[in-house]
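# Observations on the three-dimensional arrangement
Now for the letters of each chain:
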2 protein chains.
Amino acid sequence: MDDGKVFKALADSSRRSLLDRLCDENGQTLGQLCEAMDMTRQSVTQHLALLEGANLISTTRRGREKLHFINPVPLHDVYERWIRKFETARLSLLHDLKEQLERKDE
Amino acid sequence: MDDGKVFKALADSSRRSLLDRLCDENGQTLGQLCEAMDMTRQSVTQHLALLEGANLISTTRRGREKLHFINPVPLHDVYERWIRKFETARLSLLHDLKEQLERKDE
DNA sequence: AAGATATGCAGGTATTTTACTGCATATCTT
DNA sequence: AAGATATGCAGTAAAATACCTGCATATCTT
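These numbers were taken from a predicted model, which means no experiment stands behind them.

### Section: the sheet that holds strand β3 (residues 65–70) of chain B
All names here are of chain B. The antiparallel open sheet is built from three strands, whose spatial order is β1-β3-β2. Each having just a single partner strand, β1 (28–29) and β2 (57–62) make up the two edges of the open sheet. As judged from the two bridges shared by β1 and β3, these two strands associate in the antiparallel manner. Following the sheet pairing, glutamine 28 is matched in β3 by histidine 68.

What follows is the structure, encoded as structure tokens:
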């Protein structure tokens, strides 16, 4: 839904790193994710909360542990709404540049 | 090159709005872009500088005016490196969930 | 050349973000 | 039940961000 949340979530390298690790192995616990992150568990938790807020991951509890799963849907949505739009812009770039050059001659 | 810059640039709604307007009409001047933005020219300039830093727009001067053009390439690159990765994750989601359920039974 | 127009640049401030420490709670193991 | 393990929550300090105001410079018009 909210493109801003998705882009904001992806704007941080720590969070992209977390997604990377979940790509490698989905369903990891908080502890597992912390091991690879070189920051406090609490900080990792905050990052994960942001990713969850953007709906990029979903979580579930298994006993005392929390498992984290990637959700690719919002990223795909963002692709539909933004990247494709730019692709069409790409197609019309030559036209725009031509128009621009013509203006220069005025 | 730098995914972070691209995502950071897209993380702000004002900047996304600027890209939107350039999608509608490429090659607009700073003044034109400011008219639609409900903030000071200086702020718009900063946002545009960030977009340019992410290589999402390129600029050229025409006399005293500065023209702004969309550059779709970095967005496409980000798509290749990130969105597609998640698409493959999507495909393996069922497998991961199955594995997860099996762990529950242990 | 003088005034108008378009943009550049240098701070300054309030908000947001990131990362931390410290303590609390819940679950597992023995 | 007691200790170990996994996570939750609150408050804080430092850094980054997003606005702003004020002034400078460059270009066009007449």
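### With respect to the packing of helix α2 (residues 13–24) of chain A against helix α4 (residues 41–53) of chain A
All names here are of chain A. Direction vectors running N to C along α2 and α4 enclose 75°, while the axes themselves pass 10 Å from each other. With respect to α4, the axis of α2 lies roughly perpendicular. From α2, Ser14, Arg15, Leu18 and Leu19 reach across to α4, where they touch Val44, His47, Leu48, Leu50 and Leu51. Across the contact of α2 with α4, the residue classes tally to six nonpolar, two polar and one charged.

### Considerations on the protein's contact with DNA strand D
Taken together, 22 residues are adjacent to DNA strand D, and Gly31(A), Thr40(B), Gln42(B), Ser43(B) and His47(B) come closest. Near the protein, meaning within 4 Å, the atoms of DNA strand D are sugar or phosphate in a fraction of 62%, with bases accounting for the rest. The contact in question runs from a sugar or linking oxygen of DNA strand D to an N or O atom on the side chain of Arg61(A), over 3.0 Å. Secondary structure elements with two or more residues in the surface near DNA strand D: α3 (30–35), α4 and β3 (65–70) of chain A together with α2 (13–24) and α4 (41–53) of chain B. Per element, the largest residue contribution to the surface near DNA strand D is five residues, and it comes from α4(B). For the surface near DNA strand D, a count of residues per class yields three nonpolar, 10 polar and nine charged.

Reading guide: rules and limits
Residues numbered from 1 in each chain as written. Chains lettered and ligands numbered in written order. Predicted model: local features only at pLDDT ≥ 70, side-chain atom pairs only at ≥ 80, totals over all residues. Heavy atoms only, no water. Pairing = 2+ DSSP bridges. Helix = DSSP H or I, 4+ residues; strand = E, 2+ residues; numbered from the N terminus. Axes fitted to C-alpha atoms, helices over the stretch in contact; angles between N-to-C directions. Parallel < 35°, antiparallel > 145°, perpendicular 65-115°, else oblique. Contact = heavy atoms within 4.5 Å. Nonpolar A, V, L, I, M, F, W, Y, C, P; charged D, E, K, R; others polar. Near = heavy atom within 4 Å. Polar contact = N/O pair within 3.5 Å; in protein donor to acceptor, adjacent residues only side chain to side chain.

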